[in-house]
Amino acid sequence: MNMKINLEKYREKTIVIKYGGNAMINEELKAAVMEDMVFLSEAGIRVVLVHGGGPEINQMLQRVGKEPKFINGLRYTDKETMDIVTMILAGKVNKSLVALIHKNRGKAIGLCGVDGGMLQVKKHQGELDLGMVGDIITVDGSSLEMALDQNLIPVIATLGVDEKGEIYNINADTAAAAIAGALKAEKLISMTDIKGVLLDKDNEETLLSRIKTRDVAKLIGDGVISGGMIPKIQSCVEGLEQGVKEAMIIDGRVRHAVLGALESEEAAGTVFYTE
């Protein structure tokens, strides 16, 4: 890797990366992300990778003749869908990412939010019923701390468990924010399929490089932030509210975007901040 980057600022600090979108589908981009994870870990940075798996879940649903359903950017999860989500997220996707890190001579451990009661949830209580989707009540980060202390990269599938032992699906952006908050992360980075928040969704020159958290509600109301971008941006705000020092979204379509964001926030995406 030829990129020159000063990582001293982040040494022995925790960075939580929410990994999803095209960077999970494109094999070249996927390989670059795993290279970045190993590079950062070897530089003494405590890296946590929180992943989704929407495209692979959708493919499996279609294979069994079931149409994926979304409400306000969030997946509706009935019992049959939940079985597939568990199988794909905690099984196929999680272990394939751990194997890719191993291929790059890194050390990772695959976990899901059920392990060690990491993500304790209750059924989502919003205006609309999302089925077996959970709202996080508490995060027990002890298993993550142990892994990080052993210089392992935790790779986390976003499932949670309630007090009755029922497994629920959790939005990956929401889970990443809660995990980052529990670990008091230095930085929360969410990978997306666009350059960042755009005033005009069809013009990347209208990138908003910095957004005050208090302005997010207005941007949602104006339709600048909409659909699946809403939970991504809200997760950045929630992360900051929970003690994360920095939160941003970056363009996961760019090779080594994570390293670029750590090298310089300028033009890397959209940074969220409080006054």
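Everything numeric here is computed off the predicted structure, so don't read it as measured data.

## Things to note about the UniProt feature "binding site: substrate" (unreviewed entry) in the protein chain
Mapped onto this numbering, the UniProt entry gives "binding site: substrate" (unreviewed entry) at Gly53, Gly54, Arg75 and Asn169. A maximum C-alpha distance of 11.6 Å places the annotated residues, which cover 117 residues in sequence, within one compact spot. By the secondary structure assignment, Gly53 is in the loop between strand E2 (46-51) and helix H2 (54-63). If we ignore the near neighbours within four places in the chain, the residues touching Gly53 are Met24 and Leu89. Structurally, Gly54 is set in helix H2. Classification of Gly54 as partly exposed rests on a relative accessible area of 23%.

## Thoughts on the packing of aromatic side chains
If you walk through the whole model with that rule in mind, you get zero aromatic pairs. Taking the ring centre of Tyr76 as reference, the NZ or CZ of Lys69 above it sits at 4.8 Å. Here the guanidinium or amino end of Arg210 rests over the ring plane of Tyr273, the centre of that ring lying 4.3 Å away.

## Quick notes on the side chain of Arg75
Secondary-structure assignment places Arg75 in strand E4 (residues 74-75). A distance of 2.9 Å separates a polar atom in the side chain of Arg75 from a polar atom in the side chain of Asn58. Ignoring anything within four residues of it in the chain, the contact list for Arg75 reads Gly54, Ile57, Asn58, Leu61, Pro68, Lys69, Phe70, Thr81, Val85, Leu130, Val133 and Asn169.

What counts as what
- Residues numbered from 1 in each chain as written.
- Predicted model: local features only at pLDDT ≥ 70, side-chain atom pairs only at ≥ 80, totals over all residues.
- Heavy atoms only, no water.
- UniProt positions renumbered as here; feature names shortened; annotations may be inferred.
- Helix = DSSP H or I, 4+ residues; strand = E, 2+ residues; numbered from the N terminus.
- Contact = heavy atoms within 4.5 Å.
- Buried < 20%, exposed > 50% of the residue type's maximum accessible area, 1.4 Å probe, protein only.
- Phe/Tyr/Trp six-rings, centres within 6.5 Å; stacked < 30°, edge-to-face > 60°.
- Lys NZ or Arg CZ within 6 Å of the ring centre and 35° of its normal.
- Polar contact = N/O pair within 3.5 Å; in protein donor to acceptor, adjacent residues only side chain to side chain.

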